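Here are the chains, one letter per residue:
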Amino acid sequence: MTTQVPKLNFTPDTWCQLNYMCKRASTEIGCFAITHPDDRLFVTDLWFPKQECTAATVEFDDESIAEEIDRLSDTHPMDECFRIWIHTHPGDSPNPSGTDEETFSKVLGHFDWAVMAILAKGGKSYARIKHDAPAGITEGKIEYNIPMGMYTDGYEEWDQILEDKVSKRTFQATTKTYPAGGLYGDWDRYYTTKGKLK
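Residues numbered from 1 in each chain as written. Predicted model: local features only at pLDDT ≥ 70, side-chain atom pairs only at ≥ 80, totals over all residues. Heavy atoms only, no water.

In terms of regular secondary structure, the protein chain is built from six helices and 11 strands. Within the protein chain, the fraction of its 198 residues that count as buried is 40%. Sequence-distant contacts, at least 24 apart, represent 65% of the contacts inside the protein chain between residues at least 6 apart. In the structure as shown, the protein chain presents an accessible area of about 12100 Å², 51% of it carried by carbon and sulfur atoms. (Helix = DSSP H or I, 4+ residues; strand = E, 2+ residues; numbered from the N terminus. Buried < 20%, exposed > 50% of the residue type's maximum accessible area, 1.4 Å probe, protein only. Contact = heavy atoms within 4.5 Å. Areas by Shrake-Rupley, 256 points an atom, 1.4 Å probe, with all protein chains shown as cover.)

Another point: helix 1 (residues 12-24). Along its 13 residues, helix 1 runs 18 Å from first to last C-alpha, staying within 8% of the 18 Å computed at 1.5 Å per residue. Along helix 1, the residues that are buried comprise T14, W15, C16, Q17, L18, N19, Y20, M21 and C22. Check the buried side of helix 1 and you find it contacts strand 1 (7-10), strand 3 (39-47), strand 6 (84-89), strand 7 (113-120), strand 10 (143-145) and helix 5 (155-165). (Expected span 1.5 Å × (residues − 1).)

The next subject is a negative patch on the surface. Among the surface-exposed residues, D61, D62, E63, E67, D70 and D74 lie close enough to one another that they form a single negatively charged patch. Judged by relative accessible area, which is 69%, D74 ranks as exposed. (Patch = residues over 30% accessible without salt bridge, like charges linked within 9 Å, V, L, I, M, F, W, Y side chains within 5 Å. Salt bridge = Lys/Arg side-chain N within 4 Å of Asp/Glu carboxyl O. Lys, Arg positive; Asp, Glu negative; His and termini not counted. Charge placed at Lys NZ, Arg CZ, Asp CG, Glu CD.)

Let us now look at the confidence of the model for the protein chain. Taken residue by residue, the protein chain gives an average pLDDT of 81. The fraction at 70 or more is 78%. Confidence over residues 133-137 falls short of pLDDT 50; this stretch has four contacts with residues more than four positions distant or in other chains. Contacts from residues 178-198, a stretch scored under 50 in pLDDT, to residues over four places away or in other chains number 10 contacts. (pLDDT = per-residue confidence, 0-100.)

The next thing to look at is the packing of aromatic side chains. Throughout the structure, instances matching the rule amount to nine aromatic pairs. Pairwise contacts between aromatic rings join F32, W47, F60, F82 and F111 into one cluster. (Phe/Tyr/Trp six-rings, centres within 6.5 Å; stacked < 30°, edge-to-face > 60°.)

Within the secondary structure, C22 sits in helix 1. Classification of C22 by relative accessible area gives buried; the value is 1%. Along the chain, C22 and L119 lie 97 residues apart, while their C-alpha atoms are 7.5 Å from each other. Those residues in contact with C22, other than ones at most four positions away along the chain, are I29, T88, H89, L119, A120 and K121.

A few words on the side chain of K130. In this structure, K130 sits in strand 8 (residues 125-133). One polar contact links the side chain of K130 to the main-chain carbonyl oxygen of F111, over a distance of 3.2 Å. (Polar contact = N/O pair within 3.5 Å; in protein donor to acceptor, adjacent residues only side chain to side chain.)

An order of 5-4-11 is seen for the three strands of this open sheet, with the pairing classed as mixed. Two strands in the sheet have a free side with no partner beyond their single neighbour: strand 5 (58-60) and strand 11 (166-168). Here the average twist between neighbouring strands, direction ignored, is 25°. Bridge count for strand 4 (residues 51-53) against strand 11 is three bridges, and the pairing is parallel. Directly across from Q51, in strand 11, lies its bridge partner V166. Against the sheet, helix 5 contacts strand 4 and strand 11, and its axis sits at roughly 55° relative to strand 11. (Pairing = 2+ DSSP bridges. Axes fitted to C-alpha atoms, helices over the stretch in contact; angles between N-to-C directions.)

So, in structure tokens, the structure goes:
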């Protein structure tokens, strides 16, 4: 008997938003899915907490997540808005990194089921569902069911989300001078005097 692979479904506008923001961002970006009450794998909207991102990481602001969940709780139970974590990769590979796996475990590991979904800028996608069962935690790949049609509105709003919610982490460049003895100081002198470099 063939086991049916679960499918992660998107509305056309939500799929378009995810692709558009993935291509506009120079870093990874992350969000959570809001799903249909009758189908927990049917994504009808996305919400973006404030986050600090690099080309390889997304770090969510905990206070922003709490505020967004509180705002959404009036209209959506937790099952509908905090079970599917979606993020992008700025390259061609959608495969999860070690950091992705750590985040998935840390942020959603306490739920009885959760999904990690990744869209790469090159167009490839990855998704995996984790759920607790009597025999232990089981995991399996999910297929994407790509919606047909084009969405032609909302771009300004999506650009505003990128501006308001996503900040790029920058690293402070530092300069350091080294003594005349060389880059490694005493080690340079040791090997030179022992005749191992000259």
